[in-house]
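As a plain string of letters, each chain reads:
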2 protein chains.
Amino acid sequence: MAKITSVSPLAPKNFPELPVIKGVRFATAAAGVKYSGRTDVMLAVLDPGSRVAGAFTKSATRSANVLDCQSKIRLTDDRGAAIIVNSGNSNAFTGRAGDESVQAICAEVARVTDLPANRVFTSSTGVIGERLPHDRIAAKVEELYGNLDEAGLPNAAKAIMTTDTFPKGSTTSVDLPGGKVTIAGIAKGSGMIAPDMATMLVYIFTDAKIAQSDLQALVSEINEKTFNSITVDSDTSTSDTLLVAATGASGVSVTAKDTAFRDGLHHVMQDLAHQVVRDGEGATKFLQITVTGALNDADAKTHAMSIANSPLVKTAIAGEDPNWGRVVMAIGKSGAPADRDTLSISFGDVKVATNGWVDPDYREEQGAAIMKQENISMTVDLGMGSGEATVWTCDLTHGYISINADYRS
Amino acid sequence: MAKITSVSPLAPKNFPELPVIKGVRFATAAAGVKYSGRTDVMLAVLDPGSRVAGAFTKSATRSANVLDCQSKIRLTDDRGAAIIVNSGNSNAFTGRAGDESVQAICAEVARVTDLPANRVFTSSTGVIGERLPHDRIAAKVEELYGNLDEAGLPNAAKAIMTTDTFPKGSTTSVDLPGGKVTIAGIAKGSGMIAPDMATMLVYIFTDAKIAQSDLQALVSEINEKTFNSITVDSDTSTSDTLLVAATGASGVSVTAKDTAFRDGLHHVMQDLAHQVVRDGEGATKFLQITVTGALNDADAKTHAMSIANSPLVKTAIAGEDPNWGRVVMAIGKSGAPADRDTLSISFGDVKVATNGWVDPDYREEQGAAIMKQENISMTVDLGMGSGEATVWTCDLTHGYISINADYRS
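Here the structure is a predicted model, which means the values were calculated and not measured.

**Here we look at the overall build of chain A**
The helix and strand tally for chain A stands at 12 helices and 16 strands. The C-alpha radius of gyration computed for chain A amounts to 22 Å, which stays within 12% of the reference 22 Å derived for 409 residues, consistent with globular compactness. Considering only contacts within chain A whose residues lie at least 6 apart along the sequence, 81% involve residues at least 24 apart. For chain A, the exposed area adds up to about 13,900 Å²; of that, 48% sits on carbon and sulfur atoms. One way to put it: in chain A the 37 positive side-chain charges average out to a point 4 Å from where the 47 negative ones average out.

Here is the structure:
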């Protein structure tokens, strides 16, 4: 495979200072699943009373880990919970053996932590189609448990990386009438992961006290506007997993209706989602696409994702070409309603097209200047209704082809 | 824009000998719509009694020409018909001016040929968003009409090219109880066309005698299995047009139930569809994807197109990497039902995966040998039902990025 030798040009300047979230501790270990000379397993143990919510890939061929997490996510048990994640092997498309691996890891974590197995969540990321050497992971659980540390989240961000060019973290705090709650999370993902599958994994922790059903409602809703509103290459991993755990250790109660908490969680989820796009394979431009004036929000998102996934739009962005014709093409093919003669398009703050034709005041140099920027925004107004959506993607470059085609397995 | 300097490596060895189809004559001219030093307009005039059927892009932002053709396609009029096509400018996204251009061209063709305007079909292909200089085309109609020639189809194939690297033609004849009928057609298209829009245009002629409704039924049905079963980059032109005209000059009557005629038309349509893929931008491999064992044919096609449009599958093919994991991923994300544990995958005649895991007899060298071929077939059996579909695509290479990104407009 092509070696990733440098950090994405779109990476944030620094990894953030992640605060301690009371009620959860972390440890990492080098289990040698596939890599050598680096950590490849992380364990998080959540105190009694914690609540966990999640969102998962909708792939029909999703991994054994995802199926197992989905079967457990809505259960609550006051004894706490654990999350164990390995990199190097995704345990995907491994037939019945994949289920056995998940069961074996859950059983060992349950034994060591004295938690019920249905409170142990697992993720695996890396090559597919190869049996997961789960014995190597199980053999590290006692060591991991012995090393748990409430300040271990930054190390966990590194242990779950595969071909990511930088670790991803985000945090915020929210002042509520009952006190302050803190949210911190980590993610991995950079498009699809060479040599085989992409995977996006996200783990977010908060010390807020919240019912599982409220946390799940928030996670599901915000997920649609964050992780489900990004795309690198339109391809979807069989392992994508988002888990959000609330320990309650702050003693501050919140509900799904609490706007400030919702905004804080939205901030962390959106920040991590943007970081995944910024580590997109071969990416040199970060693109925000907003569609307004659709008949409804769902139509707006269909149009926005059609633009974001169009190879012709993405190569135009790579080429710094203000090619609004390709945007019209992507709107037309999306399958959602549009009217050629009411379409307007802006690149940045430059109105490019109005009412289905090039804007009379538009000059090509204006569009070209916008395209030279590293962060580009594009707005399409359909002129039909009040539906709107925003999605994020990156450009399609020779770097993507090199990473995904220029090797023989 | 990047210059296309060489013929696609996947091009057929020769342009076929296209026979005369009695009842239709052709002429080409150099109108200077955009190009200089080459023909860019073709006129076909069909004798009285001819029937025309068609299929068109479903884009919500389709061009004025397409909308006009669609409004006329089911009319019949015994006085004959005409088809006029220009390259160099697609007349797409030109607002109301686009409609005016179509009306002006139709009016002039109707005047010169003495046909009603609603029997004149137009297509335009080339740059978008620029007003079509229809006066230049209209000024050539008398010259075109004076030069009509029943042997002019090969020249027409050249006049409609934009960034195609080779002209596309196909023919067959069918022996029926009542005599022989002949079918011949031309096409243009090579993915999306730099610098702006893709367009696939196809014109097929036969001397069979057939009712418009029967011809339309055949065209619609076969179109789903041919032109609507190919993809280069998942992007869809706003101008895609297929017209099939039957002159009746052979005196041999056929209906939609005539299997031999259907097979002949299918052959020509499939041959032209494959040639469009073989001229895909940057293509170095021709890929046939068959999905069997789906719950129904529509699901099978959804899965097959998901594989065919996956950037990760297409880059793996470019890299000669037998990466069946990416095929599983594409099946999983398609949205149609699949069962991880009943999936089987073959590359060529090599069974790669069985029942959701790598086949026990598979060796990587076998898959790698298949991937070195120029024409690659892939079969996925879902093991769920009897639905099946076959689609065709090409690989995704640095050539595609170069053509679409490596220039500034």
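From this point, things continue past the structure.
**Some remarks on the confidence of the model for chain A**
Averaged over every residue, the pLDDT of chain A is 90; the share at 70 or more is 95%. Taken as a whole, residues 192-197 of chain A scores under 50 in pLDDT and shows 33 contacts with residues more than four places along the chain or in a different chain.

**What to know about the interface of chain A and chain B**
In this complex, chain A contributes 67 residues to the contact, which on the side of chain B involves 67 residues. Buried area between chain A and chain B, both sides added, is near 5,300 Å², and the carbon and sulfur share of it is 57%. Looking at the side of chain A facing chain B, the largest losses of area belong to Phe93, Arg340 and Trp357 of chain A, adding up to 16% of the total buried there. Here chain A and chain B share 4 salt bridges between them. The partner of arginine 96 of chain B in a salt bridge is aspartate 341 of chain A, with the nearest N and O atoms 3.2 Å apart. Counting every contact that joins chain A to chain B gives 15 residue pairs in polar contact (both at pLDDT 80 or more). Contributions of two or more residues to the side of chain A that touches chain B are made by α1 (64-72), α2 (95-113), α9 (311-318), α10 (324-333), β14 (357-358) and α12 (398-405) of chain A. Tallied by class, residues from the side of chain A that touches chain B come to 29 nonpolar, 21 polar and 17 charged.

What counts as what
- For every chain, the first residue of the written sequence is number 1, and numbering continues from 1 along that sequence.
- Here every chain gets a letter starting at A, and every ligand a number starting at 1, in the order they are written.
- pLDDT decides what is reported in this predicted model: residues at 70 or higher carry local features, side-chain atom pairs at 80 or more are listed and counted, and totals for whole chains, interfaces and linings draw on all residues regardless.
- Derived side-chain values reflect all non-hydrogen atoms in the structure, with water molecules and hydrogen atoms excluded from consideration.
- By the criteria applied, helices consist of DSSP H or I runs no shorter than four residues and strands consist of E runs no shorter than two, each listed in order from the N terminus.
- It is over C-alpha atoms that the radius of gyration is taken, and the globule rule equals 2.2 Å times the number of residues to the power 0.38.
- In what follows, residue pairs with any heavy atoms lying within 4.5 Å of each other are defined as contacts.
- The Shrake-Rupley method, run with a 1.4 Å probe sphere, supplies the accessible areas, and residue values consider only the shown protein chains as cover.
- Only four residue types enter the tally: Lys and Arg on the positive side, Asp and Glu on the negative side, with His and both chain ends excluded.
- Working definition for charges: the position is that of NZ of Lys, CZ of Arg, CG of Asp or CD of Glu.
- You can read pLDDT as the predictor saying how much it trusts each residue, on a scale of 0 to 100.
- Buried area: the sum, over both parts, of the accessible surface (1.4 Å probe) that disappears when the two are put together.
- The working definition used for a salt bridge is a side-chain nitrogen of Lys or Arg within 4 Å of a carboxyl oxygen of Asp or Glu.
- N or O atoms closer than or at 3.5 Å make up a polar contact, with two conditions inside protein: a donor-capable atom paired with an acceptor-capable one, and, for residues adjacent in sequence, both atoms drawn from side chains.
- Residues are sorted three ways: Asp, Glu, Lys and Arg are charged, Ala, Val, Leu, Ile, Met, Phe, Trp, Tyr, Cys and Pro are nonpolar, and all the rest, Gly among them, are polar.

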